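Single-letter residue listing:
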Amino acid sequence: MKINILLLDDDQFMQNFVSNLLSKDYIVHTFGTIREAKAFLKIQAVNLIITDLNLINESGIDFINYLNDDIKFKNIPIITLSGEDTSSIKVKVLELGVDDYIVKPFSPSELITRVNNTIKKYQKFFVQPFHVNTKTEEVKLSQPEINNKIPKSYKTSKRVFDIVGSFLLIVMLTPLFIIIGLAIRLESKGPIFYISKRIGQQYSPIPFLKFRSMKLNADHLVDELKADNKYNEALNKHQEKIFNKHYKHGDKGYSICEKELKLSKESSTFFKLENDPRVTKVGAFIRKTSLDELPQLFNVLLGHMSLVGNRPLPVYEAEMLTKDYSIARFNSPAGITGLWQVSKSEQPFMTEKQRIDLDIEYAQKRTFRLDLNLLYRTFPAMIQKEEA
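An unreviewed UniProt entry annotates the chain as Sugar transferase originating from Flammeovirga kamogawensis. The Sequence similarities (unreviewed entry) field of the UniProt record for the chain holds the comment "Belongs to the bacterial sugar transferase family."

Here you go:
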């Protein structure tokens with residue numbers, strides 16, 4: 001039996017993102033308005049509904065009430081997605097009988113697990129979804145697919161350029177690869193290359209290659225060094241205390257406003273240090289000159305990345321960007337260099353929003369001419385003002 005899921009979200013990028021996550025195991029039907037979702041439900045039965053709460057000029061709560069008021073739909077399990085993370089909103093929605101409440105940003109694996117659990121819970125009650133033989137064009141999304149804005153000729157030429165360019169660069173730079181590898185091994189024991197899991201285009205995981213520039217087990221020191229994160233400085237400048245009537249009892253003997261508690265726990269999505277104590281001497285040099293990035297040419301040759309694109313992110317950073325305003329940055333191929341990478345040489349410690357805006361700008365406006373321009377601008381940007 002095929003499981004049909006209806007996804008209601010007015011953000012096209014979020015539709016694509018959630019659909020890509022779930023379409024491996026389920027049939028996902030995506031809609032941007034309540035009207036479209038209602039029209040589809042009249043001709044196609046579904047086994048699960050996932051709905052955003054904050055729609056453009058509409059409310060997901062109104063859609064839930066519509067489902068509850070109709071005997072044909074009231075027993076369909078519902079999962080809500082929302083950027084609202086206050087107890088009052090959660091309680092209001094859960095009182096309507098929804099089965100789960102997922103807060104944006106969310107971990108993709110968490111979303112998949114919650115969907116699987118909800119479907120398993122109700123699967124014994126599922127009947128084979130009916131389908132009325134009616135034209136469905138009337139309820140299809142009126143918005144064009146965002147991927148269609150990027151010409152196929154651009155994608156083809158970009159891939160050919162990546163293969164030829166990365167291969168030639170690897171051949172030319174082989175002596176430099178050997179020199180850097182020897183320097184790393186002479187300074188510290190351990191592997192020459194650092195391989196980590198990063199998140200690329202459409203949230204696909206890739207094996208990310210770099211020359212090792214840090215001491216062994218450096219990843220385990222991240223929590224101890226978060227207080228020195230340079231991105232937090234920009235975040236703290238914009239935070240304001242917001243008080244409301246919902247209080248939490250703290251563990252130090254006093255009550256604290258719920259929103260203030262969330263702000264006190266909030267930290268930057270991106271992690272970056274000035275004069276990072278985890279970096280070796282050789283590592284400091286190859287980072288300052290961006291030579292540590294050279295092994296990513298193999299990522300490009302193998303198709304994991306492109307020469308130009310948005311930076312692939314560590315999992316813990318990527319999970320924080322599963323919001324409506326930021327998910328669009330994953331619509332672009334992962335790249336060695338790109339708009340943000342070039343811009344940061346002029347403004348090393350930009351805010352999170354500035355960085356995300358640059359990623360989204362590239363994802364929406366990328367052309368072969370822009371790629372060539374960014375490659376040209378990359379060379380002077382390689383000698384950075386500080387460690388990346």
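Caption draft 1: Focus on the packing of helix H2 (residues 34-41) against helix H3 (residues 60-69). Their axes nearest at 11 Å, the elements H2 and H3 cross at an angle of 25°. The orientation of H2 with respect to H3, classified from their angle, is roughly parallel. Helix-helix and strand crossings are classified by hand; for H2 and H3 the assignment is right-handed. Contact with H2, carried on its side by Ile34, Ala37, Lys38 and Leu41, involves Phe63, Tyr66 and Leu67 of H3 and no other residues of that element.

Caption draft 2: Molecular detail of the side chain of aspartate 359. When you line up the elements, aspartate 359 lands in helix H14 (residues 352-365). Overall, the relative accessible area of 1% leaves aspartate 359 in the buried class. Each residue touching aspartate 359, except ones within four places of it in the same chain, is listed here: Asn310, Arg329 and Trp340.

Caption draft 3: Summary view of the pattern of salt bridges. Counting across every chain of the model gives 12 salt bridges. Notably, a salt bridge pairs glutamate 293 with lysine 210, separated by 3.8 Å at the nearest N-O pair. Taken together, the residues span a long stretch of sequence, with glutamate 293 in the loop between helix H10 (281-288) and helix H11 (296-301) and lysine 210 in strand S9 (residues 205-211) at a distance of 83 residues. When sorted by exposure, glutamate 293 lands in the same class as lysine 210, which is buried. Measuring nitrogen to oxygen at the nearest pair gives 2.9 Å for the salt bridge that ties aspartate 359 to arginine 329. Within this pair, whereas aspartate 359 is found in helix H14, its partner arginine 329 is found in the loop between helix H12 (315-318) and strand S14 (335-337), the two being separated by 30 residues in sequence. Residue aspartate 359 shares its accessibility class with arginine 329, and that shared class is buried. The network of salt bridges with shared partners includes Lys210, Asp292, Glu293 and Arg311.

Caption draft 4: Expanded view of the nonpolar core. Ranked by size, the top nonpolar core spans 30 residues in total, and within it Val18, Ile50 and Val115 carry the most contacts. For this core, the secondary structure elements donating two or more residues are strand S1 (4-8), helix H1 (12-22), strand S3 (48-52), strand S6 (78-82), helix H5 (108-122) and H14. For this core, the element with the highest residue contribution is H1, accounting for six residues. The residues touching isoleucine 50, leaving out its near neighbours within four places in the chain, are Ile5, Leu6, Leu7, Leu8, Leu22, Ile79, Leu81 and Val115. By size, the runner-up hydrophobic cluster in this structure holds 22 residues, among which are Ile49, Leu55, Ile64 and Ile76.

Caption draft 5: Inspection of the sheet that holds S9 at higher detail. Sheet architecture is open: three strands sit in the order S9-S8-S13, paired in antiparallel fashion. Both outer strands of the open sheet, S9 and strand S13 (313-314), are each paired with one neighbouring strand and no more. Here strand S8 (residues 193-199) runs beside S9; their pairing, made up of seven bridges, is antiparallel. The partner of arginine 198 across the bridge, within S9, is isoleucine 206.

Caption draft 6: Quick peek at the sheet that holds S3. The strand order S2-S1-S3-S6-S7 describes an open sheet built from five strands, whose pairing is parallel. One side of each edge strand has no neighbouring strand; the edge strands of this open sheet are strand S2 (27-31) and strand S7 (100-103). Between one strand axis and the next, the sheet turns through 20° on average, direction left out of account. Pairing geometry for S6 and S7, over four bridges, is parallel. When the sheet's bridge partners are listed, isoleucine 79 is paired in S7 with aspartate 100. Across the face of the sheet, helix H4 (residues 87-94) comes into contact with S6 and S7 while running at roughly 150° to S7.

Each value, and the rule that gives it
Residues numbered from 1 in each chain as written. Predicted model: local features only at pLDDT ≥ 70, side-chain atom pairs only at ≥ 80, totals over all residues. Heavy atoms only, no water. UniProt positions renumbered as here; feature names shortened; annotations may be inferred. Axes fitted to C-alpha atoms, helices over the stretch in contact; angles between N-to-C directions. Helix = DSSP H or I, 4+ residues; strand = E, 2+ residues; numbered from the N terminus. Parallel < 35°, antiparallel > 145°, perpendicular 65-115°, else oblique. Left-handed = near helix turned anticlockwise from the far one by under 90°. Contact = heavy atoms within 4.5 Å. Buried < 20%, exposed > 50% of the residue type's maximum accessible area, 1.4 Å probe, protein only. Salt bridge = Lys/Arg side-chain N within 4 Å of Asp/Glu carboxyl O. Core = buried A, V, L, I, M, F, W, Y, C linked by side-chain atoms within 4.5 Å. Pairing = 2+ DSSP bridges.

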